[in-house]
Amino acid sequence: MLDQARGCRAPAADVVAHAHVNAADYDRMYAESIADPDAFWGREGRTLDWVTPFSRVKNTDMTLGQVSIRWFEDGVLNASVNCIDRHLPTRADQTAIIWEPDDPADPAQHITYAQLSENVNRFANVLLSQGVMRGDRVVIYLPMIPEAAYAMLACARIGAIHSVVFAGFSPDSLANRINDCQAKLVITADTAPRGGRRTPLKSNADAALLRCSEKVRCLVVKHTGDQISWIEGRDVDVKALMRTAAPDCPPRPMGAEDPLFILYTSGSTGRPKGVVHSTAGYLLYAAMTHRLVFDYHEGDVYWCTADVGWVTGHSYIVYGPLANGGTTLMFEGTPNFPDAGRFWEVVAKHRVTQFYTAPTAIRALMGQGEEWPARHDLSSLRILGSVGEPINPEAWNWFDRHVGHGRCPIVDTFWQTETGGHMITPLPGAIPTKPGSATKPFFGVRPAVLDPTTGAELTGEAEGVLAIADSWPGQMRTLWGDHERFEEAYFSQYPGTYFTGDGCRRDADGYYWITGRVDDVLNISGHRMGTAEIESALVAHRDVAEAAVVGVPHDIKGQGIYAYVTLMNGVEPGEDLRADLVKWVRAEIGPIATPDFLQWAPGLPKTRSGKIMRRILRKIAEDDFGSLGDTSTLADPAVVDDLIANRQNRG
Ligand code: WTA
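Residues numbered from 1 in each chain as written. Predicted model: local features only at pLDDT ≥ 70, side-chain atom pairs only at ≥ 80, totals over all residues. Heavy atoms only, no water.

Novice: I keep staring at the UniProt feature "binding site: Mg(2+)" (unreviewed entry) in the chain and nothing clicks. Help me out?
Specialist: Here the UniProt-annotated "binding site: Mg(2+)" (unreviewed entry) positions come out as Val539, His541 and Val544. Locating Val539 in the fold gives a position in helix H18 (residues 531-539). Residues contacting Val539, with those up to four places away along its chain left out, are Val544, Ala545, Glu546 and Ala547. The topology assignment puts His541 in the loop between H18 and strand E29 (544-554). His541 sits in the buried class, given a relative accessible area of 3%. Other than its neighbours up to four places away in sequence, His541 contacts Leu577, Asp580, Leu581 and Trp584. (UniProt positions renumbered as here; feature names shortened; annotations may be inferred. Helix = DSSP H or I, 4+ residues; strand = E, 2+ residues; numbered from the N terminus. Contact = heavy atoms within 4.5 Å. Buried < 20%, exposed > 50% of the residue type's maximum accessible area, 1.4 Å probe, protein only.)

Written as structure tokens, this is what we have:
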């Protein structure tokens, strides 16, 4: 049995009594979901609202060369109907979205389901008036304002495929995404207030559109009223058009497998990948995980602090909560504006019941001191959640003590952009927690711990890499326009399984502990970033000949960015150039890619075949010179001594 002595916390009796799922339910339901997925998911699938019910549940094949993931494939439905219309008979006047603005002096908004419906319908009619048709791609580059949710749901209503681009991304990153999915239009706002500052979104979009087809239209939400430039014929004032648009727009019946959205994420190589999610499987999986993992009940006020630009915002601010007829809080601001008590002030103000955030935010707030949460009434909280990276026990304990006051279960949810929803996570009333472990698989998820070299599945207590042995409804379907890359990226490593890219340990109690990425994907403050993207941004600078980027442990961010840079012949290193390169990367990708350290590297450690040995660079970045391993295969072993000698020479 699990016990306190082993760092384990069993759910309290009142939590169990209230919960949708208790320990016995979990065991029974999990067993059924694995033994008979058709029966299990068939039943769950019928909780959605269908135009034409499905007759077939699961039709999936993860064999390399013929990967095909289809769920509920002959069913017909509309995602916006499931998030809005079906709730109207019973909860038209219930709040769907609480919007909390950046500046606490500005009023919050409470948007009812009836108002959400009207706004989404009007927005959908605006899209139609701009010639957007079923299957067209629409890029959404918006701050955390209700219009972001309206825009997503409006796309879903007319069968357009949205692709949200995080508002912190640069014009170049935005342009790459618009071009990759050949979007017909981009939706942006004038400016985006965050932490008291303003991001010039419209002017970023203007710069991006210089690199795109001139046919791409730009819909602008005038949010702050700040001065912006305007191109007649291309730019469209969304709010003005919404005022005159009809308040109803018939939902387009969509196939279960029609794409709902594309979301770009970083991989270990090359350009960001356009992860494609389906309509029915994704929506069902987001809704079900939201209801069970956060134990969402009628009347709860649920708050996820993520941005809609990331998958967490898609599944757990918009689609999951709204499909469940819930109340979801959308926050425009930052944890430390105007002060380090903002999160707790918002919790108290709106009587938040579930609070879902990232370890990096917890660590940052922890550093500000426990007096901040202590100043606010946090008694409404019932469940706390964590996502994005492994949560270190110190942060877990602080969250538990100073925010949850020891009475709120913490759900540490492991999942990925690719998985659509939670994969390994506690259920509050069913699974005892251990700080730092994501605990047990969600229904239908078959984790497999594999030997990284042989690919053999390890049983019992084991450490290796994490694959998933069978499909689940929220699984991504393909990479936009590149099914071959999809198979290569996820199904080629360990045949017959989906490879997560994460390392993992399973303990004697069958609990899973995610140990971090085993590929060249960094996790900076819970945000994914490929080393290759940062390297290619650096080498695009005229003074840079070569660059290699690795992750380095960082107290707040979890991982920091450490860049080794080789300059062009004749270019002298210096502080000005270093600052210039850091600024350059921010401009090329966005502030989340800002290098924390930049070391001049006259040469990089390469094998004789020219491959950069990152393992060595990681060790040097960590000051771990004693265990560099075998350097004899290097083309020029002296390079390593030079890098170590210059280890201090970094900024
Ligand atoms: C990491 C975010 C440990 C992991 C939803 C994964 C986690 C990557 C956790 C996906 C967690 C996410 N514990 N690691 N609870 N949650 N990760 O696509 O490395 O932005 O592969 O999705 O974040 O990041 P992504």
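Novice: Can you walk me through the UniProt feature "domain: Acetyl-coenzyme A synthetase N-terminal" (unreviewed entry) in the chain in this structure?
Specialist: UniProt marks residues 26-83 with the feature "domain: Acetyl-coenzyme A synthetase N-terminal" (unreviewed entry), using the numbering shown here. For residues 26-83, the helix share is 41%, the strand share is 22%, and the end-to-end C-alpha distance is 26 Å.

Novice: How do you make sense of the pairing of strand E31 (residues 597-600) when you look at a structure like this?
Specialist: Inspection of the sheet shows strand E30 (residues 558-567) paired to E31 by four bridges, in the parallel sense. The residue bridging Val565 from the neighbouring strand is Trp600, located in E31. Between the parallel pair E30 and E31, the chain is carried across by helix H19 (residues 575-588), and the sense of this crossover is right-handed. (Pairing = 2+ DSSP bridges. Right-handed = clockwise from strand over helix to strand, strands pointing away.)

Novice: Explain the site of the ligand here, please?
Specialist: For the ligand, the set of nearby residues contains 17 residues, the closest of which are Asp412, Thr413, Thr417, Asp502 and Arg528. In this structure, Asp412 approaches the ligand through a side-chain N or O atom, which is 2.7 Å from a nitrogen atom. Taking Asp502, its side chain carries an N or O atom lying 2.5 Å from an oxygen atom of the ligand. Protein coverage of the free-state accessible area of the ligand, which is 520 Å², stands at 96%. Taken together, the elements giving at least two residues each to the shell around the ligand come down to helix H12 (311-323), strand E21 (410-413) and strand E26 (512-517). (Near = heavy atom within 4 Å. Polar contact = N/O pair within 3.5 Å; in protein donor to acceptor, adjacent residues only side chain to side chain. Areas by Shrake-Rupley, 256 points an atom, 1.4 Å probe, with all protein chains shown as cover.)

Novice: I would appreciate a short explanation of the nonpolar core in the present structure.
Specialist: Nonpolar side chains in soluble globular proteins tend to be buried together. In terms of nonpolar packing, the biggest core is built from 165 residues, with Leu116, Ile187, Tyr319 and Phe443 touching the most fellow members. Contact partners of Tyr319, with chain neighbours within four places excluded, come to Cys83, Met152, Leu153, Ala156, His162, Leu260, Phe261, Tyr282, Leu283 and His314. Formed by 27 residues, the second largest nonpolar core is a distinct cluster that contains Ala340, Phe343, Trp398 and Ile410. (Core = buried A, V, L, I, M, F, W, Y, C linked by side-chain atoms within 4.5 Å.)

Novice: Mind showing me how you'd approach the pattern of salt bridges here?
Specialist: In a structure, side chains of opposite charge can pair up when their charged atoms sit close to one another. One pass over the full model with this rule turns up 36 salt bridges. Here Asp300 makes a salt bridge to Arg382, at a shortest N to O gap of 3.0 Å. In this pair, Asp300 is assigned in the loop between helix H11 (280-293) and strand E17 (301-304) and Arg382 in the loop between helix H15 (371-374) and strand E20 (383-387), connecting sequence segments 82 residues apart. Residue Arg382 is classed as partly exposed on the basis of its relative accessible area of 22%. A network of salt bridges, in which partner residues are shared, links Lys202, Asp206, Arg234 and Asp235. (Salt bridge = Lys/Arg side-chain N within 4 Å of Asp/Glu carboxyl O.)

Novice: What is the right way to look at the packing of aromatic side chains in this model?
Specialist: A ring pair, where both rings are aromatic, is described by two values, the distance of the centres and the angle of the planes. Taken as a whole and assessed by the stated rule, the structure comprises 39 aromatic pairs. Centroid distance Trp303 to Phe331: 5.6 Å. Interplanar angle 90°. Geometry classified as edge-to-face. Taken as a pair, Trp303 in strand E17 and Phe331 in strand E18 (residues 327-331) lie far apart in primary sequence, 28 residues in all. What makes Trp303 buried here is its relative accessible area of 0%. When its relative accessible area of 5% is taken as the criterion, Phe331 is described as buried. Between Tyr562 and Phe597 the ring centres are 5.5 Å apart and the planes differ by 35°, which places this aromatic pair in the tilted class. Of the two residues, Tyr562 sits in strand E30 while Phe597 sits in strand E31, which places them 35 residues apart along the sequence. (Phe/Tyr/Trp six-rings, centres within 6.5 Å; stacked < 30°, edge-to-face > 60°.)

Novice: Help me understand the sheet that holds E29, please; the structure alone is not making it clear to me.
Specialist: Through backbone hydrogen bonds, the strands of a sheet pair up, either in parallel or in antiparallel fashion. With respect to topology, three strands assemble into an open sheet ordered E29-E30-E31, the strand pairing being mixed. Looking along the sheet, the strands with just one partner apiece sit at the ends: E29 and E31. Neighbour to neighbour, the strand axes of the sheet diverge by 25° on average, direction disregarded. H19 contacts E29, E30 and E31 of the sheet and is inclined by roughly 130° relative to E31. Here helix H20 (residues 614-621) sits on the sheet and contacts E29 and E30; the angle it forms with E29, its principal contact strand, is near 60°. (Axes fitted to C-alpha atoms, helices over the stretch in contact; angles between N-to-C directions.)

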